[in-house]
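So the chains spell out like this:
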Amino acid sequence: MAHSIKAAQGEELQHRSRVWWEHNPMSYDWHRTVAPPEGSPEFFAEIDRRFFSSSPFYRGDRPFEKLIPFDRLDGKRVLEIGCGLGAHAQLLSAAGSRLTCIDLTERAVRLTGKRLSLAGLSAEVQQMDAENMTFPDGEFDFAWSWGVIHHSSDMEKIVRQVH
């Protein structure tokens, strides 16, 4: 009984998280000051400027190059958990990976797909809860997630799934 209560609470938390992120994507637009229309090239450029200038982690020839082995991703199967508005997806796809992106929200899936299309890049982008991934074991060579997993109702479950 306790397990089913915990599961129901987790499902409710995931539902609330999905609804919140659907309405509040991580755009670094805290005061609603990004002028270009959502999904335009100018929109993506502005949110990237804000995102990549917000921390020294993002500095270098390519943002996150100290954490992501871009030079070893060409042709590799890569999973991004929580693609948000596609900033990392663009970097991973441009590195030549065979990229699959998942996100809890339809909005993120739509905008990441649009961003990649505008950049002439590709990936499989799908709405999926990282707590319940449907990929076969050994599907990916590299998994990436930034600022996402800790929002889950069951972080350990996601880590087990990635493993």
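## Structural notes on the overall build of the chain
Along its length, the chain carries five helices and four strands. Compactness check: the chain gives a C-alpha radius of gyration of 16 Å against a globular reference of 15 Å for 163 residues, within 12% of the reference. Dimensions of the chain, computed from C-alpha atoms along their principal axes, come out at roughly 50 × 40 × 30 Å. Scored against the burial criterion, the 163 residues of the chain give a buried share of 40%. A separation threshold of at least 6 residues defines the contact pool for the chain, and within that pool the share at least 24 residues apart is 59%. Accessible surface for the chain amounts to roughly 9600 Å². Of this, 53% is attributable to carbon and sulfur atoms. Between the centroid of the 19 positive side chains of the chain and the centroid of its 23 negative side chains there is a distance of 3 Å.

## Description of the pattern of salt bridges
Taken as a whole and judged by the stated rule, the model has six salt bridges. Arg 107 is the partner of Glu 38 in a salt bridge, and the nearest nitrogen-oxygen pair spans 2.6 Å. Remark: Arg 107 occurs in helix α4 (residues 106–118) and Glu 38 occurs in the loop between α1 (2–23) and α2 (41–52); sequence separation between them is 69 residues. In this structure, Asp 48 engages Arg 115 in a salt bridge whose closest nitrogen and oxygen atoms are separated by 2.9 Å. Residue Asp 48 is located in helix α2, and its partner Arg 115 is located in helix α4; the two are separated by 67 residues in the primary sequence.

## Side note on the nonpolar core
With 20 residues, the main nonpolar core has Phe 51, Phe 52, Phe 64, Ile 68, Phe 70, Leu 73 and Leu 92 as its most contacted residues. For this core, the secondary-structure elements that each account for two or more residues are α2, α3 (87–94), β2 (98–103) and α4. With four residues, the top contributor of residues to this core is α3. Those residues in contact with Phe 64 that sit more than four places away from it in its chain are Phe 51, Phe 52, Phe 57, Tyr 58, Phe 70, His 88, Trp 144 and Trp 146.

## Side note on the sheet that holds strand β4 (residues 142–144)
With parallel pairing, the four strands of this open sheet are ordered in space as β3-β2-β1-β4. Of all the strands in the sheet, just β3 (124–127) and β4 have a single pairing partner and so form its edges. Going from strand to strand, the sheet's axes swing by 20 degrees on average, the running direction of each strand aside. The pairing of strand β1 (residues 77–81) with β4 spans three bridges and is classified as parallel. By the bridge assignment for β4, Leu 79 is matched with Ala 143. Helix-sheet contacts for α4 involve β2 and β3, and the interaxial angle to β3 is about 165 degrees.

## Here's the deal with the side chain of Glu 46
Residue placement: Glu 46 occurs in helix α2. At 2.6 Å, the side chain of Glu 46 forms a polar contact with the side chain of Arg 50.

## A word on the packing of aromatic side chains
Counted under the stated rule, the structure contains eight aromatic pairs. Ring plane angle 75 degrees and centroid distance 6.5 Å describe the contact between Phe 52 and Phe 64, whose orientation is recorded as edge-to-face. Highlighted residues: Phe 52 in helix α2 and Phe 64 in the loop between α2 and β1, separated in sequence by 12 residues. Among the residues examined, Phe 52 registers a relative accessible area of 17% and is labelled buried. Looking at Phe 64, the relative accessible area reads 0%, which means it is buried. An aromatic cluster is present here, built from Phe 51, Phe 52, Phe 64, Trp 144 and Trp 146 joined pairwise through their rings.

Conventions and cut-offs
- Residues numbered from 1 in each chain as written.
- Predicted model: local features only at pLDDT ≥ 70, side-chain atom pairs only at ≥ 80, totals over all residues.
- Heavy atoms only, no water.
- Helix = DSSP H or I, 4+ residues; strand = E, 2+ residues; numbered from the N terminus.
- Rg over C-alpha atoms; globule rule 2.2 N^0.38 Å.
- Buried < 20%, exposed > 50% of the residue type's maximum accessible area, 1.4 Å probe, protein only.
- Contact = heavy atoms within 4.5 Å.
- Areas by Shrake-Rupley, 256 points an atom, 1.4 Å probe, with all protein chains shown as cover.
- Lys, Arg positive; Asp, Glu negative; His and termini not counted.
- Charge placed at Lys NZ, Arg CZ, Asp CG, Glu CD.
- Salt bridge = Lys/Arg side-chain N within 4 Å of Asp/Glu carboxyl O.
- Core = buried A, V, L, I, M, F, W, Y, C linked by side-chain atoms within 4.5 Å.
- Pairing = 2+ DSSP bridges.
- Axes fitted to C-alpha atoms, helices over the stretch in contact; angles between N-to-C directions.
- Polar contact = N/O pair within 3.5 Å; in protein donor to acceptor, adjacent residues only side chain to side chain.
- Phe/Tyr/Trp six-rings, centres within 6.5 Å; stacked < 30°, edge-to-face > 60°.

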